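So the chains spell out like this:
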2 protein chains.
Amino acid sequence: MELGYTASPTASRLATGRTRTVAVIVPELAKWFFAEVIAAAGRVLAEHGYDVLLVELSTAELRRAFFTGPGLRGRADGAIVVALQLGADEFEALEGQGQSVVLVGSERQGAGSVSVDDRAGGRAAVRHLVNLGHERIAFLGIRHEPRSTLGGVPPAQRLLGYRDALAEAGLPEDPRWVLTAENSVDGGAGAVAGLLAEQGLPTAIAAASDELAFGALRTLRGAGLRVPEDVSVVGYDNHGLAGAVDLTTMDHDVSGQGRAAAHALLAVLGAAPVAGPRVISPRLVVRGSTAPPVDRAGSTLPP
Amino acid sequence: MELGYTASPTASRLATGRTRTVAVIVPELAKWFFAEVIAAAGRVLAEHGYDVLLVELSTAELRRAFFTGPGLRGRADGAIVVALQLGADEFEALEGQGQSVVLVGSERQGAGSVSVDDRAGGRAAVRHLVNLGHERIAFLGIRHEPRSTLGGVPPAQRLLGYRDALAEAGLPEDPRWVLTAENSVDGGAGAVAGLLAEQGLPTAIAAASDELAFGALRTLRGAGLRVPEDVSVVGYDNHGLAGAVDLTTMDHDVSGQGRAAAHALLAVLGAAPVAGPRVISPRLVVRGSTAPPVDRAGSTLPP
DNA sequence: GCAAACTTCGCAAGCGCTTGCGAGATGTGC
DNA sequence: GCACATCTCGCAAGCGCTTGCGAAGTTTGC
């Protein structure tokens, strides 16, 4: 006999107090990075019989309401928090809602986490440019909008890496060549446009994200400049479309981050001890947007 | 007195039989289109107090298991099905699981739906090329992989639109210029590479998706061809990064589709009658990847 | 072969809500 | 002022599971 019987999840939840659901909390769903993390985490969770509940905290109001209100209470057993830099009160609120939490892109004592060594990543990206012989290298960083819910510290790490690489190479840092922009194509395009107009041209640009780099490429090409002949550009993320525009970039195994976070949370939910923070080392992916600098006369400078 | 009291959702679900949750079912989460639809629908649903449960049916096995097993029974009140072309059995299975369903990208008698007039869209894209004076226009369509869960009919509509536009302009259709590829950057790149190698060059390419178009651009530029001077390219989707590569494309209001689907489902859940299918008319977005053809001698042909 | 220990099984209580029903309270009409 | 209709409110039943407890059945040891 075949028994097509299935227990009612709701009744089971009531009786056990466990929902077999985990929430994935992101500041913004429709961005490549978040979609990728969610997809990767979701697959692992689904394999283990967990439902995934999507929570997008895209505005400050939503964020406040989420942490001060009932939030996840009774809806999920645990949460994967991606990219949000939680305040201590927020973190405690989440635990107060009965959630086990795992962080992606931030760390906190006593919580599982997976993050990236962005300082090393930034340094590797810039070192790649230095190794190619570049000496005038601009940095295009991420500026958080006031309304943003990211509250992001980590991109600052990439800037530190930039400085590390410069110092390492004995290159001076020119503050006018450290730009910031909203993390979007338009942000990157605008910042580089400003650079072209005012600061003269570096031979290379290190962007703190691929989206910024895409914008940089657009502006450079729109101005008739060739990449990499006139300007090299290196991004950060290894975005799904980085290959499409032949962008050299730093890969930080985004889906691996999602999978690792899911496994960490499953472990905690399975009453395993909290594993230490897991940190991922980014890896340089060389494509066609970087090359040795060419001086005005057209000759290649020595590395 | 402030009452921080909140009812237990689980108990409430058990008692009422309603979960205040809706599932969003997609074949693949980490693609721009799906992420965008989910985000837009999710916002509307969240505003109305619904939780969103993510279901990714990325393989044929998952798909079968989902529809033959318990699926959503007891987990959600309704489902938004994006892009999957459901068989009658699958649709009924979903209803048998107690779900109200709304379709995105397909239609079915008795169900709410939002879809796109892809034939008109395809025709508009190609007509744009025709109007610019192109006469040798290739079509780059989507081929579904055997393992795909899309089972997609709709992209075929875009091909019909291509034929419409050609016929309308009195242009012959050359079957060698109708290509298909997996819907990805690499797919598009590969197909166009084949085109360059074998069929000679059309003056324009109409792609059935922006991802395919991105691939086409990569191959063309990699081969030293200029876009739009040597070849015009028009995409389809108005992908978030289409602007970054200056791609002319068809916009079909992707987030609008998500919002409309959410509203339709909310209406049904609120016991409103099923609204008729909603169909969206795509809109041409002209950017820099299309221009009049230039003949070998460099002069512009008359339109 | 019988007492003690162990195993299996079924049953009832309870998880925290919703909801319908009846008791009590309030209001109306002649 | 009394009978009747109306309203409000509190209480208990029940949603469909899980789980612990006790009864029944089974095994072991001397």
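Quick notes on the rules
- Residues numbered from 1 in each chain as written.
- Chains lettered and ligands numbered in written order.
- Predicted model: local features only at pLDDT ≥ 70, side-chain atom pairs only at ≥ 80, totals over all residues.
- Helix = DSSP H or I, 4+ residues; strand = E, 2+ residues; numbered from the N terminus.
- Buried ≥ 20, exposed ≤ 12 C-beta atoms within 10 Å, placed from the backbone.
- Contact = placed C-beta atoms within 7 Å.
- Least-squares fit on C-alpha atoms with pLDDT ≥ 70 in both.
- Near = placed C-beta within 6 Å.
- Expected span 1.5 Å × (residues − 1).
- Nonpolar A, V, L, I, M, F, W, Y, C, P; charged D, E, K, R; others polar.
- Pairing = 2+ DSSP bridges.
- Axes fitted to C-alpha atoms, helices over the stretch in contact; angles between N-to-C directions.
- Parallel < 35°, antiparallel > 145°, perpendicular 65-115°, else oblique.
- Left-handed = near helix turned anticlockwise from the far one by under 90°.

Novice: Just to check I follow, could you spell out the overall build of chain A for this structure?
Specialist: In terms of regular secondary structure, chain A is built from nine helices and 12 strands. Projected onto its principal axes, the C-alpha coordinates of chain A cover approximately 80 × 45 × 35 Å. Going through the 303 residues of chain A one by one, you find that 53% of them count as buried. Sequence separation of 24 or more characterises 75% of the internal contacts of chain A that already satisfy a separation of 6 or more.

Novice: So what exactly am I meant to see when it comes to the relation of the copies chain B and chain A here?
Specialist: Superposing chain B onto chain A takes a rotation of 180 degrees combined with a translation of 0.0 Å along the rotation axis, leaving an RMSD of 0.0 Å. Such values leave the two copies arranged in the relation of a two-fold axis. Considering only C-alpha atoms, the residue of chain B closest to the rotation axis is Leu53(B), which sits at 2.4 Å.

Novice: Any chance you could explain the protein's contact with DNA strand C here in plain terms?
Specialist: Lining the immediate environment of DNA strand C, one finds Leu14(A), Ala15(A), Ala7(B), Ser8(B), Ala11(B), Ser12(B), Leu14(B), Ala15(B) and Thr16(B). It is helix α1 (residues 9–16) of chain B that contributes the most residues to the surface near DNA strand C, five residues altogether.

Novice: Explain unusual backbone geometry to me, please; I cannot follow it from the model alone.
Specialist: All names here are of chain A. At the junction of Val 227 and Pro 228, the peptide bond is cis and its omega measures out at 10 degrees in the coordinates. Positionally, Pro 228 belongs in the loop between α8 (210–222) and β9 (232–234). At Asp 253, a residue that is not glycine, the phi angle is positive and equals roughly 45 degrees.

Novice: Teacher, can you tell me more about the environment of Ile137(A) here?
Specialist: Residues and elements named next belong to chain A. By secondary structure assignment, the location of Ile 137 is in strand β6 (residues 137–142). The spatial distance from the C-alpha of Ile 137 to the C-alpha of Pro 172 is 10.0 Å, given a sequence separation of 35 residues. Aside from chain neighbours lying at most four places away, what touches Ile 137 is Val 126, Leu 129, Pro 202, Ala 204 and Ala 206.

Novice: Is there a simple way to think about helix α9 (residues 254–269) of chain A in this case?
Specialist: Each α-helix turn comprises 3.6 residues. Residues three or four places apart therefore point the same way. Residues and elements named next belong to chain A. Over its 16 residues, α9 runs 23 Å from end to end, which matches the ideal 22 Å to within 8%, given 1.5 Å per residue. Tucked inside the fold, the buried residues of α9 contact β1 (21–26), α2 (32–47), β3 (78–82), β4 (100–104), β5 (112–116) and β11 (278–280). Directly beyond the C-terminal end of α9, a positive phi value near 70 degrees is found at Ala 271.

Novice: Help me out: how do you make sense of the protein's contact with DNA strand D in this one?
Specialist: Lining the immediate surroundings of DNA strand D are Ala7(A), Ser8(A), Ala11(A), Ser12(A), Leu14(A), Ala15(A), Thr16(A), Leu14(B) and Ala15(B). Take the surface near DNA strand D: its biggest share by element is five residues, from helix α1 (residues 9–16) of chain A. Broken down by class, the residue content of the surface near DNA strand D amounts to six nonpolar, three polar and no charged.

Novice: Can you help me understand the interface of chain B and chain A in this one?
Specialist: Reports of interface size often rely on the accessible area that becomes lost once the parts have come together. Listed as interface residues are 33 residues of chain B and, on the opposing side, 33 residues of chain A. Looking at the side of chain B that touches chain A, the elements with two or more residues in it are α1, α2 (32–47), β2 (51–56) and α8 (210–222) of chain B. Among the elements that take part in the side of chain B that touches chain A, α2(B) stands out by supplying six residues, more than any other. Across the side of chain B that touches chain A, the residue classes break down as 17 nonpolar, seven polar and nine charged. Note: strand β2 (residues 51–56) of chain A against β2(B), three bridges, orientation antiparallel. From the neighbouring strand, Leu54(A) faces β2(B), where its bridge partner is Val52(B).

Novice: What am I meant to see in the packing of α2(A) against α9(A) here?
Specialist: Two quantities define a packed helix pair, namely the angle between the helix axes and the distance between the axes. Residues and elements named next belong to chain A. At a minimum axis separation of 7 Å, α2 and α9 run at an interaxial angle of 40 degrees. The angle between α2 and α9 places the two elements in the oblique class. Here the hand of the crossing between α2 and α9 comes out right-handed. Between α2, through Phe 33, Glu 36, Val 37, Ile 38, Ala 39, Ala 40, Ala 41, Val 44 and Leu 45, and α9, the contact on the second element is made entirely by Val 254, Ser 255, Gln 257, Gly 258, Arg 259, Ala 261, Ala 262 and His 263. Broken down by class, the residue content of the contact of α2 with α9 amounts to 11 nonpolar, four polar and two charged.

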